[in-house]
Structures are given as structure tokens and as C-alpha cells.
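The chain contents come next:
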Amino acid sequence: IPAGIKDGQKVRMRGKGQPGPGGAGDLIVTVNVQKSSVFERDENDVIVRVPVTLEEAINGAVIKAPTLDGQGVKLRLAAGAPVGQKLRAKGRGFKTKTGTGNMLVITEVQLPTDLSDEAQEAFAKFVELAPQGDPREELMRKAGQ
């Protein structure tokens, strides 16, 4: 099976099929690639969603993401990067005979839960000091609503 083969592709094995009057025929194998709970595929690119903390999203950080080869890769998340930021690890995608894809790391901010009373008060103070405004205002304006 060639590296980087996609689900549904066929592999021809010459001379490995049913014997006939003209010799053995070809065996055609349809490949079914099992879905991964970690990686997604987009052509030759691999996509992985990586959780980051609120602190990492606000202050920036070097995060580690899993790779297809099991080595992992470190990427720099810029301070204040938007939710869903796509980071690219060049050449870490699927390797095929036509080339090698990239790995796209999509960050997903994991918000803290079960805040203590003290943390809740600190958050309320933060919101007071750094008003957020309406993040949907521009979207609604563009939609004419």
C-alpha cells in the first residue's frame, strides 16, 4: 500500500488475480482508511485540533501538537491569537508520490470551569477593566441585520 493513500483509492497488483487462459489477472484492492479520533485529512494536508488554555491564548505560548509520525511538533501561538487560529507546520502532512502536505493546527480555547468565588470576582473585575464590546456587531452589520 503506497504511503499517503486516500480512502477509496484502488491499488492494482499485477498478476495476482484469478488465473485464466492468458495467465493470472490483476488483483484490484480498494483501500478503506480508518478514521482517526485525532487527525483529519484535507487532500495531502493533515488537520489536528489542539486545546489551549485561556492564558496561552491571551499571552501567547509555544504549544506542542501531535504529528502523524508520533514525534510531535512545537509551534508558537501569538499573543491574542483569535479562536480557531490555524498554525502551519510545513511538510508534516501526508507524503505521497506527488508531494508532501502540511499540518494545520487549529487552536481551541478551553475555558476554565468551576471558578472559585475569588476567581469569579477577579474575572468580573477584568471584564470591568477591559470591556469586550459586542463581537458579533460587525457580523450583524454585514448581514444587514
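Since we're looking at a predicted model, the values are computed, not measured.

Caption draft 1: A look at the overall build of the protein chain. Check the secondary structure of the protein chain and you find 3 helices and 12 strands. Expected size for 145 residues packed as a compact globule is a radius of gyration near 15 Å; at 24 Å, the protein chain overshoots this value by more than 25%. Relative to its 145 residues, the protein chain shows a buried fraction of 23%. Of the contacts formed within the protein chain by residues at least 6 apart in sequence, a portion of 42% connects residues at least 24 apart. Side chains of the protein chain give 21 positive and 18 negative charges; the mean places of these two sets differ by 16 Å.

Caption draft 2: Focus on the pairing of strand β6 (residues 45–53). Bridging between strand β5 (residues 39–42) and β6 involves 4 bridges; their strand directions are antiparallel. When the bridges of β6 are listed, arginine 41 appears paired with valine 46. Linking two consecutive strands that pair antiparallel, namely β5 and β6, is a turn of 2 residues; a positive phi of about 55 degrees is found at glutamate 43 within it. Relative to strand β12 (residues 103–110), β6 runs parallel, the two sharing 8 bridges.

Caption draft 3: Spatial organisation of the nonpolar core. Counting residues in hydrophobic clusters, the biggest one holds 18 residues, and the most contacted among them are Met103 and Val105. For this core, the elements supplying multiple residues, two or more each, are β6, β7 (61–65), β8 (73–77), β9 (86–89) and β12. With 4 residues, the single largest contributor to this core is β6. Those residues in contact with methionine 103 that sit more than four places away from it in its chain are Val46, Val48, Ala65, Pro66, Thr67, Val73, Leu87, Arg88, Ala89, Arg92 and Gly93.

Caption draft 4: Examining the side chain of threonine 67 more closely. Within the secondary structure, threonine 67 sits in the loop between β7 and β8. Within the local environment of threonine 67, its side chain forms a polar contact with the backbone nitrogen of glutamine 71, the two atoms lying 3.3 Å apart. In contact with threonine 67, other than residues within four places in its own chain, are Phe39, Gly72, Val73, Arg92 and Met103.

Caption draft 5: A look at the pattern of salt bridges. On inspection of all chains with the given rule, the structure shows 7 salt bridges. Linking glutamate 108 and arginine 49 is a salt bridge whose minimum nitrogen-to-oxygen distance equals 3.8 Å. Of this pair, glutamate 108 sits in strand β12 while arginine 49 sits in strand β6; the two residues are 59 residues apart in sequence, bridging distant segments of the chain. Classification of glutamate 108 as partly exposed rests on a relative accessible area of 32%. A salt bridge links arginine 136 to aspartate 134, with the nearest nitrogen and oxygen atoms 3.7 Å apart. If you follow the salt bridges from partner to partner, you end up with Arg12, Arg14 and Asp26 in one network.

Rules behind the numbers
- All residue numbers refer to position in the chain's written sequence, counted from 1.
- The predicted origin of the model limits local features to residues at a pLDDT of at least 70 and limits the giving and counting of side-chain atom pairs to 80 or more, whereas totals for whole chains, interfaces and linings rest on all residues.
- Excluding hydrogens and water, the side-chain figures rest on all heavy atoms present in the structure.
- Counting from the N terminus, the helices are the DSSP runs of H or I reaching at least four residues and the strands are the DSSP runs of E reaching at least two.
- Based on C-alpha atoms, the radius of gyration is set beside the globule rule, defined as 2.2 Å times the residue count to the power 0.38.
- Each residue's exposure class comes from its accessible area (1.4 Å probe, protein chains only) as a fraction of the maximum for that residue type: buried when under 20%, exposed when over 50%, partly exposed otherwise.
- Contacts: residue pairs with any heavy atoms within 4.5 Å of one another.
- Under this rule, positive means Lys or Arg and negative means Asp or Glu; His and the chain ends count for nothing.
- For charged residues, the charge sits on one atom: NZ in Lys, CZ in Arg, CG in Asp, CD in Glu.
- By this definition, two strands are paired if DSSP reports at least two bridges between them.
- Within this scheme, the nonpolar core is defined by two criteria: the residues are buried Ala, Val, Leu, Ile, Met, Phe, Trp, Tyr or Cys, and they are joined through side-chain atoms within 4.5 Å.
- By the criterion applied in these results, polar contacts are pairs of N or O atoms within 3.5 Å in which, for protein atoms, one can donate a hydrogen and the other can accept it, and in which residues neighboring in sequence qualify only through two side-chain atoms.
- Here a salt bridge means any side-chain nitrogen of Lys or Arg lying within 4 Å of a carboxyl oxygen belonging to Asp or Glu.

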